[in-house]
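If you want the building blocks of each chain, they are given just below.
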Amino acid sequence: MTYEAVNNSDQQTVAEVTTTNVKETSNNFDLLAPFRYFTKSEQRNLFFYTTGLLCFKFGLESINACMNGIIINRLYMYPKGLAKDDKSGIDLNAQAVGLNLVCQIIGSLSIGPLFKRFHAKNVLSVALICYALTILIVPIMELATGGQIPGSAKSKDPKFWGTFSAYNILPIFAACGIFHGMVELMRRVIPADIVGGDGDKLKRMDGLVHVFYEIVGTTGATFAYVWIGYFGWGYVLVLPVTCFVIAAIFISFVQTRPEDVKAVAEFREAHKDQSYFASLKDVLYSFFHSIYLGAKLTMTQRALVWLIPAYTLPLVLHRYLENTLFPNYLKVTFDSTDAQTILAGGSNFGELMGALVVMVVAKHVHTPIPWLRLDVIMISFIWVLPFMYNPTLDSRGFAPIGDIYSVCWQLVPFMALISFGWAAGDVSLAAYVQSRLEGYKQIDKYTTPLGAVMSFLYVVNLVVFYFLNTWMSSIARNWGKENRSLLWSLVGGVFMSVCGIIVMVCTFIPRGAFAWNPNPDVIVFDDDITLEGVVLKKKGDKDIEEEIVIDRVFS
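Notes on the structure follow. (Residues numbered from 1 in each chain as written. Predicted model: local features only at pLDDT ≥ 70, side-chain atom pairs only at ≥ 80, totals over all residues. Heavy atoms only, no water.)

### Structural notes on the pattern of salt bridges
Between side chains of opposite charge, pairing is possible as soon as their charged atoms come close. The condition that has to hold: One speaks of a salt bridge when a side-chain nitrogen belonging to Lys or Arg is within 4 Å of a carboxyl oxygen belonging to Asp or Glu. Numbering of helices and strands starts at the N terminus; helices are DSSP runs of H or I of at least 4 residues and strands are runs of E of at least 2. Buried means the residue's accessible area, taken with a 1.4 Å probe over protein chains only, is under 20% of the maximum for its type, while exposed means over 50%, and partly exposed covers the values in between.
In the structure shown here, the tally under the stated rule is two salt bridges. Between E61 and K57 there is a salt bridge, and its shortest N-O distance comes to 2.7 Å. Residue E61 and its partner K57 are both found in helix α2 (residues 40-76); the two are separated by four residues, about one turn of the helix. Of the two residues, E61 and K57, neither departs from the other in class, the shared state being buried. Salt-bridge contacts for R187 lead to E184; the nearest nitrogen and oxygen are separated by 3.0 Å. Here E184 and R187 lie together in helix α6 (residues 169-195), a separation of three residues that amounts to about one turn. Side by side, R187 and E184 carry an identical accessibility label, which is buried.

The following block contains the structure:
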């Protein structure tokens, strides 16, 4: 088997790449095999890119736990002008998360025109720096209003808090959403800039990055309560600020492929006389054009239309599980969210195992279809939530707080299995989209088809999550503590199982997908993408008159 070297700066021939970087061994499950599939320059870029992402992930896990703690304890537990009310807390939580997600949509859509005009690594680095500066506002407010480091004391003790209004967190949380959306989308697009459109390399790279990403995420989430408890909700945010700056520095060392440098230079030269207001008009137009192009490509092509539910719903369920179901379950059951990071750590460990398995058996599972079907099966483990723990309630209607850690550790294996299925499907789907659309790069005037489709899918995911999350939160608010088993059956088991059935049905839409493990070398899997006005870029400098067909994905 041979693989095409996609980086023109490498002076190796295809045969050399085959013999030096793709050394097939008698052991098909060689853990070092994924590294041999990349050229030297790709390995260098992979190192800087992965290291930067690891710093980002470590800081991000602290942010999620810390922001959650600030909002729940300072805003939701005692909302300004309201008496303590668990139901109002659940409503406010859903609205704050929704505001953050709306801003993530804005951030994700702004990427299309930005990485058309600037190198992708620079866009990502600047987004990380802006993210860090936004977060830094919180510890500055904490310091300016008399906040103290609690040390060994409890971080929830109000005497250590700064006197700033907890509502000040909402615009900061919204601004964080803009930069978070930019970073999340860019990290799904940049791999194609590093290794090109080689589906096999993309799948291995995504799996490799995901493995280290989740190792760091598991560590950061599991132990976040340690430094949060010591430094307090406000001051601990200095840690992710530092991590994001380091991440931006590492990612800035990624080398851009020559063809991408040329494309950006040509675009700049063609638009060098464009005024500021004309550029602003283009950005606003591109904002909506990205949605239109992504929707048109996705909804009119059999090769892509199935991604709307298959890509969106698993990611929605994953966000819902970690951001809403975990804290709501602990809050309603124990009147505390202190152990939320334990469940998040178990979830991240499952993601790690899923990415690792995809990386190791990449040559045996040719498409994302089997992983998505496995994901649907794993979702069924959520049914342990309403039946595993039936405590004797105290006078306030809550379970003994001393049981919170033991219950969370008992739930960890089940949460890990659920996230295992999601991560395996997510890695394969990301590689699928990148390899299908990378060949259309630099075609559209305002954005690229790859950026447009990823933006559209990401926006659909956030919109669907906002409405489903609000709906499930309203159910949790209305049922509350009175019907716990029925509550978690509805917002956990029934809700996630119905979504899983929809995903399972959609896995049979692509051509040839009725096979359990479709093999593109044996059957016709999927269709070529054909759309008026969107054509494949030419290979090299020569015009190719005949139709250029993208190599089959995952072959």
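### A word on the packing of aromatic side chains
Convention followed: Here a Phe, Tyr or Trp ring, Trp counted by its six-membered ring, pairs with any other such ring whose centre lies within 6.5 Å, and the pair is stacked when the planes are under 30 degrees apart, edge-to-face when over 60, and tilted otherwise. A ring is scored as having a charge over it whenever the NZ atom of a lysine or the CZ atom of an arginine sits within 6 Å of its centre and within 35 degrees of its normal.
Under the defined criterion, the tally for this structure stands at 12 aromatic pairs. An angle of 55° between the planes, with centres 6.5 Å apart, marks the rings of F56 and Y131 as tilted. Linking F56 in helix α2 with Y131 in helix α5 (residues 120-144), this pair joins segments that are 75 residues apart in sequence. Pair check on accessibility: F56 and Y131 agree, each one buried. By the ring-pair criterion, three or more aromatic residues cluster together here, those being F47, F48, F250 and F253. When the ring centre of F508 is taken as reference, the NZ or CZ atom of R373 above it lies at 4.3 Å.

### Section: the environment of Y167
As for its placement among the helices and strands, Y167 is situated in the loop between α5 and α6. A sequence separation of 96 residues divides Y167 from I71, and the C-alpha atoms of the two residues are 8.5 Å apart.

### Regarding helix α12 (residues 307-334)
In plain terms, the rule: To estimate the expected span of a helix, count its residues, drop one, and scale the result by 1.5 Å. Throughout, the bend at a residue refers to the angle made by two axes, fitted to the seven residues ending there and to the seven starting there.
Over its 28 residues, α12 runs 38 Å from end to end, which matches the ideal 40 Å to within 8%, given 1.5 Å per residue. At L321, α12 shows its strongest bend, of approximately 40°. Among the 28 residues of α12, 26 are classified as buried, and the element is accordingly described as predominantly covered.

### Topic: a nonpolar patch on the surface
Rules: Within this analysis, patches are made of residues with over 30% relative accessible area and no salt bridge. Like charges are joined at 9 Å or less; nonpolar side chains (Val, Leu, Ile, Met, Phe, Trp, Tyr) at 5 Å or less. In short, Shrake-Rupley with a 1.4 Å probe defines the accessible areas, and a residue's cover is counted only from the protein chains shown.
Residues I129, L133, V245, I249 and F253 make up a contiguous nonpolar surface patch of about 420 Å² in total accessible area. Within the residue set of the nonpolar patch, elements represented by two or more residues are α5 and α8 (238-251).

### A short note on the side chain of S428
Applicable threshold: Polar contact criterion, stated in full: a pair of N or O atoms within 3.5 Å, where within protein one must be able to donate a hydrogen and the other to accept it, and residues adjacent in sequence count only if both atoms are side-chain atoms.
The residue S428 is located in helix α15 (residues 404-437) in this model. Of note is the side chain of S428, whose polar atom sits 3.5 Å from the side chain of W371.

### Let's talk about the packing of α12 against helix α13 (residues 340-360)
Note the threshold: Where helices are involved, their axes are fitted lines through C-alpha atoms of the stretch in contact, as for all axes, and angles between N-to-C directions lie from 0 to 180°. Any angle that is under 35 degrees is reported as roughly parallel, and any over 145 degrees as roughly antiparallel; angles of 65 to 115 degrees are reported as roughly perpendicular and all others as oblique. Note on convention: the crossing is left-handed when the near helix lies turned anticlockwise from the far helix by less than a right angle, right-handed when the turn is clockwise. By definition, residues are in contact when any of their heavy atoms lie within 4.5 Å.
One way to put it is that α12 packs onto α13 with a least axis distance of 9 Å and a crossing angle of 155°. Our classification of the angle between α12 and α13 gives roughly antiparallel. Two packed elements cross with a definite hand, and for α12 against α13 that hand is right-handed. Of the residues in α13, those in contact with H318, E322, F326, P327 and L330 of α12 are Q340, L343, A344, S347, N348 and E351.

That is the geometry; function is a separate question.
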